[in-house]
Amino acid sequence: MRITLIGKDPESNPTGSATVYRTDKETWIVQGWIITDPEALAQMNIPEGETAVEIPDRIVHFFGQGERDVTHG
């Protein structure tokens, strides 16, 4: 799988969260903060092998940029 960095939270902490990537498989990868709040997790039906991450609103605009930044092939 080839990934392309689309954008990083301009207010990111030194560890780099949150970040949005686009893959050559027409999917997204989101780096964010692991959700550990038991109440939040209880409201989601997360299958084995999956997880959920939290990202700030200020990076959602990067999702629209992925289509023009990645060449498929």
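Structural notes, computed from the coordinates. It should be emphasised that the depicted structure is a prediction, and the values quoted were computed from it without experimental measurement. (Residues numbered from 1 in each chain as written. Predicted model: local features only at pLDDT ≥ 70, side-chain atom pairs only at ≥ 80, totals over all residues. Heavy atoms only, no water.)

**Some remarks on the packing of aromatic side chains**
Our working rule: Think of it this way: a Phe, Tyr or Trp ring, Trp meaning its six-membered ring, pairs with another when their centres are within 6.5 Å, and the plane angle makes it stacked under 30 degrees, edge-to-face over 60, tilted otherwise. The rule is short: NZ of Lys or CZ of Arg within 6 Å of the ring centre and within 35 degrees of the ring normal puts a charge over the ring.
Under the definition given, this model contains one aromatic pair. One cation-aromatic arrangement involves Arg22 over Trp28; the distance from NZ or CZ to the ring centre is 4.6 Å.

**A few points about the side chain of Thr19**
Our working rule: Helix and strand labels come from DSSP, where a helix needs a run of H or I of at least four residues and a strand needs a run of E of at least two; each type is numbered from the N terminus. Relative accessibility under 20% of the residue-type maximum defines a buried residue, over 50% an exposed one, and the middle range a partly exposed one, all with a 1.4 Å probe and only protein chains included. Throughout, a residue-residue contact means that at least one pair of heavy atoms, one from each residue, lies within 4.5 Å.
With respect to the element layout, Thr19 can be found in strand 2 (residues 19-23). The exposure class of Thr19 is buried, given its relative accessible area of 3%. Among residues more than four places away in sequence, those in contact with Thr19 are Leu5, Gly7, Lys8, Ile29, Val30, Gln31 and Ile59.

**Description of unusual backbone geometry**
Even without being a glycine, Glu26 presents a positive backbone phi close to 60 degrees. The residue Glu26 is located in the loop between strand 2 and strand 3 (28-31) in this model. Classification of Glu26 as exposed rests on a relative accessible area of 55%.

**Quick look at a nonpolar patch on the surface**
Under the convention used in this document: Nonpolar side chains (Val, Leu, Ile, Met, Phe, Trp, Tyr) within 5 Å and like charges within 9 Å form the patches, drawn only from residues with over 30% relative accessible area and no salt bridge. Computed by Shrake-Rupley with a 1.4 Å probe, the accessible areas treat only the displayed protein chains as cover when residues are assessed. Each reported salt bridge corresponds to a side-chain nitrogen of Lys or Arg within 4 Å of a carboxyl oxygen of Asp or Glu.
Where nonpolar side chains cluster on the molecular surface, the patch consists of Met1, Ile3 and Ile29 and spans about 290 Å² of accessible area. Inspection of the secondary structure puts Ile29 in strand 3. Judged by its relative accessible area of 32%, Ile29 falls in the partly exposed class.

**Side note on the sheet that holds strand 3**
Hydrogen bonds between backbone groups are what pair the strands of a sheet, and the pairing can be parallel or antiparallel. The criterion, for reference: Criterion used throughout: strands pair if DSSP finds at least two bridges between them. Each axis is a line fitted through C-alpha atoms, and for a helix only the stretch in contact is used; angles between axes span 0 to 180 degrees, taken between their N-to-C directions.
A sheet is described by the order of its strands in space; here three strands give the open sequence 1-2-3, paired in antiparallel fashion. Two strands close off the open sheet at either side, each with one partner strand: strand 1 (3-8) and strand 3. Adjacent strand axes in the sheet meet at a mean angle of 25 degrees, parallel and antiparallel pairs treated alike. Here four bridges tie strand 2 to strand 3, and the two strands are oriented antiparallel to one another. Across the sheet, Val20 pairs through a bridge with Val30, a residue of strand 3.

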